[in-house]
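Reading the structure
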Amino acid sequence: MTTHSRLPQERHLATEIPGPRSRELLARKQAAVPGGIGTTLPVFVTRAGGGIVQDADGNSLIDFGSGIAVTSVGNAAPRVVERVRRQVEEFTHTCFMVTPYESYVQVCEKLNELTPGDHEKRSFLVNSGAEAVENAVKIARHATGRQAVVVFDHGYHGRTLLTMTLTAKNLPYKHRFGPFAPEVYRMPMAYPYRWPTGPERCAEEAAAQTIDAIEKQIGAENVAAVVIEPIQGEGGFIEPARGFLPRILEFCRANGIVFIADEVQTGFARTGKMFACEDEGIVPDLVCTAKGIAGGLPLAAVTGRAELMDAVHVGGLGGTYGGNPLACEAALGVLETIEAERLVERAEHIGSVMLPRLRALAERHDVIGDVRGRGAMIAIELVEPGTKKPNPAVTAEVVRRCHAQGLVVLTAGTYGNVLRFLPPLVIPDHLLEEGLGILEKAFSEI
Ligand SMILES: *Cc1c(COP(=O)(O)O)cnc(C)c1O
């Protein structure tokens, strides 16, 4: 396993975090960029690679975020850099809908091959996760002639009008941005840690409630699609109780409902499988991918059953930039890297290092109510000791201490009380261990 990074793989604090240069840049940001664009950690980045993010003050931070599960192959990964460099000198854009090019087709062939199921598939490319989800819904509606879309508590699907409607959480995503898109229905999520009757009954009861609500409130024959993340991302890395996804899929199959898996955050080796759906043998009708697909170049995709994808008339799908040639080359470089560096196995290894240490940490600190996740998509949920009451205050304090020590960590969760870990899959073990050490220290200090 090599990161091939030009950056020394070492944490190094040259100044306080953020340093003077970053603070200067932050002031400029505040004057030039609207406050609605938040900042998790205001260090301004100059280079990044492997498991390190370097800032304008010469600090080197350990990366447990991957730019929100995007740079899974590392930042500026050599195969990505080389392909993009070659492409940028040849041509930067023609618009695939005007005069096409091979790399777009290659990416689609790869997606058709790698996504779950061996049925005949088609793929097309867009620019963001939200755009992928929005297009998947368009296709499902067109192919079924139905309108209703079913989504789940704690779900996150993007920030456009339709996808923010599909998203569960009001603040910050929806507040005062209504009215929302019609024909969206929300169902209970099989959230084992918070299921009222306990985790054992969670899958069965959540599925029964969902199916009952669909039949009674919408009518199964009116539902175009069910949209679900196989592990919820922004909602707090919630792994649906085992059995829930298969039951929902079975109901969809029996009722002609298109099952759309939003694998935007879980895809491309992140969870220790190429796609998280594989864990329970789920074969979705349509799969949305983005984030980890192209090492940070803007790319996303919809992949699905040929008969659904081909139902749409000529010109009904597309966009000016979708499948930009630089982004396609980057995606091919990402897929080569995942294979060559065995990053699926590597994600599993990261989970096997993190989970035992986090479980041991939870033993020592009763503020940690739950430890969960798969592969390199791991989270801890913080509560008030002895209860399951969410504890966003301690979560924020732990994050603050980690950031001050040069560890990039992110939060998540409907209640803002989940610490999530998404290290690049190429992070060297010594940085993974050091990052966990910083986290452990933050807990013992509060
Ligand atoms: C990030 C995310 C999206 C939205 O992707 P963008 O590229 O930010 O539009 C959609 N679904 C899931 C599960 C995500 O994590």
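Here we summarise the structure given alongside this text.

The rules behind the values
- Residues numbered from 1 in each chain as written.
- Predicted model: local features only at pLDDT ≥ 70, side-chain atom pairs only at ≥ 80, totals over all residues.
- Heavy atoms only, no water.
- Core = buried A, V, L, I, M, F, W, Y, C linked by side-chain atoms within 4.5 Å.
- Buried < 20%, exposed > 50% of the residue type's maximum accessible area, 1.4 Å probe, protein only.
- Domains from an automatic or database assignment.
- Contact = heavy atoms within 4.5 Å.
- Patch = residues over 30% accessible without salt bridge, like charges linked within 9 Å, V, L, I, M, F, W, Y side chains within 5 Å.
- Areas by Shrake-Rupley, 256 points an atom, 1.4 Å probe, with all protein chains shown as cover.
- Salt bridge = Lys/Arg side-chain N within 4 Å of Asp/Glu carboxyl O.
- Helix = DSSP H or I, 4+ residues; strand = E, 2+ residues; numbered from the N terminus.
- Near = heavy atom within 4 Å.
- Polar contact = N/O pair within 3.5 Å; in protein donor to acceptor, adjacent residues only side chain to side chain.
- Nonpolar A, V, L, I, M, F, W, Y, C, P; charged D, E, K, R; others polar.
- Pairing = 2+ DSSP bridges.

Some thoughts on the nonpolar core
With 90 residues, the main nonpolar core has I260, L358, L419, F421 and F443 as its most contacted residues. The residues that make up this core include at least three from each of domain 1 (20–63 + 342–445) and domain 2 (79–340). Those residues in contact with F421, other than ones at most four positions away along the chain, are F64, F237, M354, L358, A376, M377, I378, A379, I380, V409 and L439. Core analysis: the second largest hydrophobic core is formed by 35 residues, M187, A190, I238 and A241 among them.

Observations regarding a nonpolar patch on the surface
Side chains of L161, F177 and F180 sit close together on the surface and give an oily, nonpolar patch of about 290 Å² of accessible area. Along the chain, the position of F177 falls in the loop between α6 (161–166) and β6 (184–187). Note on F177: relative accessible area 49%, which makes it partly exposed.

Describing the site of the ligand
Taken together, S128, G129, A130, Y156, H157, G158, E229, D262, V264, Q265 and K291 make up the full set of residues near the ligand. One of the backbone nitrogen or oxygen atoms of A130 is found 2.8 Å away from an oxygen atom of the ligand. The contact in question runs from a nitrogen atom of the ligand to an N or O atom on the side chain of D262, over 2.7 Å. For the ligand, the accessible surface in isolation is 380 Å², of which the surrounding protein chains cover 82%. Here the residues of the shell around the ligand sort into three nonpolar, five polar and three charged.

As for the pairing of strand β12 (residues 377–382)
Of all six residues that make up β12, six are buried, and the element is covered over most of its length. Here β12 shows no split at all, with M377, A379 and E381 on one side and I378, I380 and L382 on the other all buried. Pairing of strand β11 (residues 368–374) with β12, which is carried by six bridges, proceeds in the antiparallel orientation. Counterpart to G373 in the pairing with β12 is I378. Between the antiparallel neighbours β11 and β12 lie two residues, among them G375 with a positive phi of about 60°. Bridge count between β12 and strand β15 (residues 418–421): four bridges; the pairing is antiparallel.

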